[in-house]
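Report on the structure
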Amino acid sequence: MPYFRLSAIALCLISGIASADAIRQTKGDYYDAFRQLDVDLPTPNVYRTASGAPGSQYWQQRADYKISVTLDEANRRVSASETITYTNNAPEPLRYLWLQLDQNRFKKGSLEMGSETAMDAAGRSTWKNSGGDVLTYNTIARYQEHQDVDYGYTIEKVADSRGRDLPYTIVDTMMRVDLPRPLRSGQDVTFSVDWSFNVLNEPRIGSRGGYEHFPENDTYIYFLAQWFPRMAAYTDYAGWQHKAFIGRGEFTLEFGDYEVDITVPADHIVSASGELQNESAVLTAEQRRRLDRARSSDTPVFIVTPEEAAQNESNKSFETRTWRFKAENVRDFAWSSSRKFIWDAMIHRQDDDEMPEVLAMSFYPNEAEPIWSKYSTHAVAHTMEVYSRFSFAYPYPTSQSVNTWKSGGMEYPMITFNGYRPDPIAEEDRDKYVEDAPDRTYSRRVKYGLIGVIIHEVGHNYFPMIVNSDERQWTWMDEGLNSFLDYVAALEWEEEYPAYRPDVNVLDNIVDYMVSEDQVPVMTNSDSVLQLGPNAYSKPTAALTVLRETVMGRELFDFAFREYAQRWMFKRPTPSDFFRTLEDASGIDLDWFWRGWFYSTDHVDVSIEDVREYKISTTNPDIESELDRQEHADEVPETLAQIRNREEGRQTYLQRHPELADFYNENDRFTPSNKDRNDHTSLIDELEDWEYQALVRAVEEDDFIYFVDFENIGGLPTPLPLLITNADGSEELMMIPAEIWRRDYKAVTKLLIRDQAITSLELDPRHETADADFQNNFFPRRIEKSRIELYKSKSTTRDLMHDMLIKLRERKASDGETLRQVPLGNN
Ligand SMILES: [Zn+2]
């Protein structure tokens, strides 16, 4: 999605770890972090099994569309009509159908606009550190745009297959269409909708589609998303999914086939979900030759070159052309159109009989060069290569990346809208640069932002475009799984890929969020989440990374994750289907993991509190008494007063009268007695044979015994990767499973028996658990080392007399330009 606008809501989370569950487990504060999760999951049924797979009577609806749409460039308006064939596969009849009218988000008086807070308007998730009320340029410009243009759908007609009006009721972003008679199970109904709307000025309004205007040469890029009345989902788990669209929880839809005719100015190039059906009608012979060449090329081939696109920009055709597209078994359809588009394509080959070749394509304006022709289409191909290994072969004939905005991204089947462009060097600044400076430069952030957003958005083809989870309810189910895989793909693009700026490690990156006050459980409705990015994207990424690399291991994780993807390919999973499948396929109990990472706000922070070293006692008083004496001497130093007396040369009374010495002056309290010796003999005699053998062997082997105290400060159960440094300097990494916390989630003591002494312990040396505080991971503790810069104080006092002496900057207008001047206003 393009941006995160956050809404604040009161959260009814009760503080403290044990309150995540209503039922207390003891009278004390005992908490079983490992108890069954089943009580919190929906009861399995014939549609969804306890194993996490679709059940024997699993069903889903189907919606097929025929759409014809015209882009009126002069008025930046689309008008269209669609014929929908809706098939009811639910066991029950339906008296009415619900459609989504997403454009109505932007209609005056919409639920979203009405409920927007000042903080939402400022694009903030918190007023913290804002220094008071905030009004941004964006907010005021958006307000002005809404005053000038009416957005939202005009529904012109809803009719049955014979053209007779069907009654309908619009409820904010939803529309109910009443059927003349109930649609019975197994039957389908065909009806049509005619509509039009003003295309959104995307940079002003902020949305997932619209137009971008380039004032330099008065050109446009149009990208139409969530643009047609789409069937709302009807499911076994939620009935109609018709919760209003209020900006965040994107959507879930039904699968079906699409035939879409798109009429645009004749000099436009169109990118759309699916495959172009009428190449010869819309492409030149040369373009078709190039496209054919791309179909067997492993590197991108231009179908429209940068020079040709620049040439097209100066055209303004008033003729139109109709591009026909077909998309099969998709849950949505989006398209983009512009005379600015450069177009390149290459073939992506995969090991799959059904779809051995996929055409990877990119569409972008000259403003996006030179990085788009270099990276975009390659990033599309790389995504399919990595994601398919974790799920299934890419099932569609095309995969496209379109540059529609400066930064951000949004996903639709076979087509993705992606941001990031280089920064141009302004013509008037040219003389400040070296002679052969290029026209545009780009930062590290723009380069990796571009590759990253393309991987992410193309990755959404898998989740949720094919594994059809419900983002209106659960953002993490697609964003989280997709972000996890885009992280995997980024690391496979190049080493040290700055996936989580500035560092590569998602686990170090997530810590700030997991210790923050704003954290809400990942299992929170999309529109109620605070800090959507960390909550629904990076925290699930961190969780699945811990699961794959540390808890389950790659082999078990990859098998189980692929099983989930394949079970739910072209179907609708819910969170429990994911949780259950990963356990079912891996044989690993993960209830504690799901509860800790997805249902709670705990974080990972384990401290090594104490370590105690022992040797096995022989119990023989003649040996042990001398050791006791030494131990005592080590622990309790001689009394200072006694030392000072000696230093002063003070003689004790006894030293002056040695004849007073007796038995007790020759034997201290450690001296073994015959009674002690007899007790020892009886103890040895009373031992069972195996006990005696064990003692003898232990004394012979003379191992080092350690009791290591761990304290779980963050509360989240975690495996403990423990680096042990031995007396001989060798190191050893021991992995203690998370189950160590199963009977005490707060504090545990681990027993270690070692054949040589341990000199130090370090927890999580590879940063693989998302531990929030590494200071307490060392035993003994370490001194933290860094450098400190000397602080120089700066004076900021205003010197009016001095500041008045500064020369006034001269402003000159070039030809035809008027100098900017803010009016004086009314007050
Ligand atoms: Zn996303």
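The present account deals with the structure reproduced in this document.

Now for the overall build of the chain. Broken down by element type, the chain carries 22 helices and 32 strands. Based on the C-alpha atoms only, the size of the chain along its principal axes is roughly 125 × 85 × 60 Å. Relative to its full complement of 827 residues, the chain shows a buried share of 50%. Contacts in the chain between residues at least 24 apart in sequence constitute 75% of all its contacts with a sequence separation of at least 6. When the accessible surface of the chain is totalled, it reaches about 41800 Å², and 49% of it is carbon and sulfur. One way to put it: in the chain the 90 positive side-chain charges average out to a point 7 Å from where the 140 negative ones average out.

We now examine the sheet that holds strand β32 (residues 778-779). With antiparallel pairing, four strands are arranged side by side in an open sheet as β29-β28-β31-β32. Looking at which strands have only one partner, the edges of the open sheet turn out to be β29 (731-736) and β32. Here strand β28 (residues 720-726) runs beside strand β31 (residues 758-763); their pairing, made up of five bridges, is antiparallel. Bridge assignment links T725 to a residue of β31, and that residue is S760.

This model, assessed by the stated rule, comprises five cavities of 30 Å³ or more. What the largest cavity holds in volume is close to 80 Å³. As for the largest cavity, its lining consists of D102, Q103, R105, F106, L200, S207, R208, G209, A225, Q226 and F245. Residues belonging to the lining of the largest cavity are distributed by class as follows: four nonpolar, four polar and three charged.

A few words now on the side chain of S192. Examined against the element boundaries, S192 turns out to sit in strand β7 (residues 188-198). Exposure remark for S192: the relative accessible area of 19% places this residue in the buried category. If we ignore the near neighbours within four places in the chain, the residues touching S192 are E82, T83, K157, V158 and A159.

Another aspect to go through is the layout of surface pockets. Roughly 1300 Å³ of internal volume is contained in the largest pocket. Along the wall of the largest pocket there are 42 residues; nearest its centre are P203, E212, H213, K406 and R421. Every element with two or more residues in the lining of the largest pocket is listed here: α2 (118-121), α3 (137-148), α4 (202-205), β8 (210-214) and β24 (423-424). Partitioning the lining of the largest pocket into residue classes produces 16 nonpolar, 11 polar and 15 charged.

Structurally, T769 is set in the loop between β31 and β32. The exposure class of T769 is buried, given its relative accessible area of 3%. Only 2.7 Å separates the side chain of T769 from the side chain of D764, close enough to count as a polar contact. Here D771 takes part through its backbone nitrogen, which lies 3.4 Å from a polar atom of the side chain of T769. T769 has contacts with L507, V546, W597, V604, T718, P719, P721 and D764, leaving out every residue within four places of it along the chain.

A few words on the coordination of the zinc ion. Those protein atoms acting as donors to the zinc ion are H456 (NE2), H460 (NE2), E479 (OE) and E479 (OE), and they sit at 1.9 to 2.6 Å. Viewed at the metal, the four donor atoms of the zinc ion are separated by angles of 54 to 152°, and the geometry they form is irregular. Motif for the zinc ion, donor spacing along one chain: H-x3-H-x18-E. For H460, a relative accessible area of 0% translates into the label buried.

Taken as a whole and judged by the stated rule, the model has 48 salt bridges. Close ionic contact of D178 with R176 constitutes a salt bridge, the shortest N to O distance being 2.7 Å. Its relative accessible area of 24% is what places R176 among the partly exposed residues. A salt bridge links R389 to E492; the shortest N-O distance between them is 2.6 Å.

Our focus in this paragraph is the sheet that holds strand β3 (residues 94-100). If you trace the four strands from one edge of the open sheet to the other, you get β5-β6-β3-β10, paired in antiparallel fashion. Of all the strands in the sheet, the pair left with one neighbour each is β5 (168-171) and β10 (230-231). Summarising the sheet, β3 and β10 pair through two bridges and their orientation is antiparallel. Within β10, the residue paired with L99 across the bridge is M231.

Before going further, it helps to examine the packing of aromatic side chains. Counted by the stated rule, this structure contains 53 aromatic pairs. Centroid distance W227 to W335: 5.8 Å. Interplanar angle 85°. Geometry classified as edge-to-face. Of the two residues, W227 is situated in the loop between β9 (219-224) and β10 and W335 in strand β18 (residues 335-338); the sequence distance between them amounts to 108 residues. For the pair formed by W227 and W335, the shared burial category is buried.

We now examine the pairing of strand β23 (residues 415-418). What you see with β23 is no split at all: I415 and F417 on one side and T416 and N418 on the other are buried throughout. Here strand β21 (residues 398-403) pairs with β23 via four bridges, running parallel. Among the inter-strand pairings, Q400 is bridged to a residue of β23, identified as I415. Across four bridges, the pairing between strand β22 (residues 409-412) and β23 is antiparallel. Across the sheet, residue M410 finds its bridge partner in β23, namely F417. Taking the residues that link successive antiparallel strands as the turn, the β22-β23 hairpin has two residues, and the phi of M414 there is positive, at about 70°.

Okay, helix α11 (residues 506-514) next. Note: α-helices contain 3.6 residues per turn, so residues at a spacing of three or four share the same orientation. Residues of α11 that are buried include every one of V506, L507, I510, V511, Y513 and M514, and no others. Along the axis of α11, the buried residues cluster in a sector spanning 165°; they form a single face. As for α11, its buried residues are in contact with α10 (475-493), α12 (532-551) and α15 (591-599). A side-chain oxygen of the first residue of α11 lies 2.7 Å from the backbone nitrogen of L507; this N-cap is N505.

Let's shift gears to the packing of α11 against α12. The interhelical angle for the contact between α11 and α12, taken along N-to-C directions, is 130°, at an axis separation of 9 Å. Put simply, α11 runs oblique to α12. For the crossing formed where α11 meets α12, the hand is left-handed. Two secondary-structure elements touch here, α11 through V506, L507, I510, Y513 and M514 and α12 through P534, N535, S538, K539, T541, A542, T545 and V546. Its residues assigned to classes, the contact of α11 with α12 comprises eight nonpolar, four polar and one charged.

For the pair helix α14 (residues 575-586) and α15, the least separation of the axes is 11 Å and the interaxial angle reads 145°. Considering the relative orientation of α14 and α15, their crossing is right-handed. Across from F578, F579, L582 and E583 in α14, the residues of α15 making contact are D591, W594, F598 and Y599.

Where nonpolar side chains cluster on the molecular surface, the patch consists of Y614, F707, L751 and I753 and spans about 380 Å² of accessible area. Counting through the fold element by element, L751 comes out in strand β30 (residues 747-754).

Quick look at a negative patch on the surface now. On the surface, a cluster of negative charge is made up of E495, E496, D503 and D508. Examined against the element boundaries, D503 turns out to sit in the loop between α10 and α11.

Tracing the backbone through its elements, the reader meets I454 in helix α9 (residues 444-459). Sequence-wise, I454 and Y420 are 34 residues apart; in three dimensions their C-alpha atoms are separated by 9.9 Å. Beyond its immediate chain neighbours, meaning those up to four positions away, I454 contacts W372, S376, A379, V380, T383, S401, N418 and G459.

Reading guide: rules and limits
Residues numbered from 1 in each chain as written. Predicted model: local features only at pLDDT ≥ 70, side-chain atom pairs only at ≥ 80, totals over all residues. Heavy atoms only, no water. Helix = DSSP H or I, 4+ residues; strand = E, 2+ residues; numbered from the N terminus. Buried < 20%, exposed > 50% of the residue type's maximum accessible area, 1.4 Å probe, protein only. Contact = heavy atoms within 4.5 Å. Areas by Shrake-Rupley, 256 points an atom, 1.4 Å probe, with all protein chains shown as cover. Lys, Arg positive; Asp, Glu negative; His and termini not counted. Charge placed at Lys NZ, Arg CZ, Asp CG, Glu CD. Pairing = 2+ DSSP bridges. 1 Å grid on protein atoms, 1.4 Å probe; cavity = no way out; pocket = protein on both sides within 12 Å on 5 of 7 lines; lining within 4 Å. Points joined across faces, edges and corners; volume = space filled by probe spheres on them. Nonpolar A, V, L, I, M, F, W, Y, C, P; charged D, E, K, R; others polar. Polar contact = N/O pair within 3.5 Å; in protein donor to acceptor, adjacent residues only side chain to side chain. Donors = N, O, S within 2.8 Å, 3.2 Å for Na, K, Ca; no water. Tetrahedral: all angles 85-135°; square planar, octahedral: opposite > 155°, others 65-115°. Salt bridge = Lys/Arg side-chain N within 4 Å of Asp/Glu carboxyl O. Phe/Tyr/Trp six-rings, centres within 6.5 Å; stacked < 30°, edge-to-face > 60°. Arc of directions from axis to C-beta. Axes fitted to C-alpha atoms, helices over the stretch in contact; angles between N-to-C directions. Parallel < 35°, antiparallel > 145°, perpendicular 65-115°, else oblique. Left-handed = near helix turned anticlockwise from the far one by under 90°. Patch = residues over 30% accessible without salt bridge, like charges linked within 9 Å, V, L, I, M, F, W, Y side chains within 5 Å.

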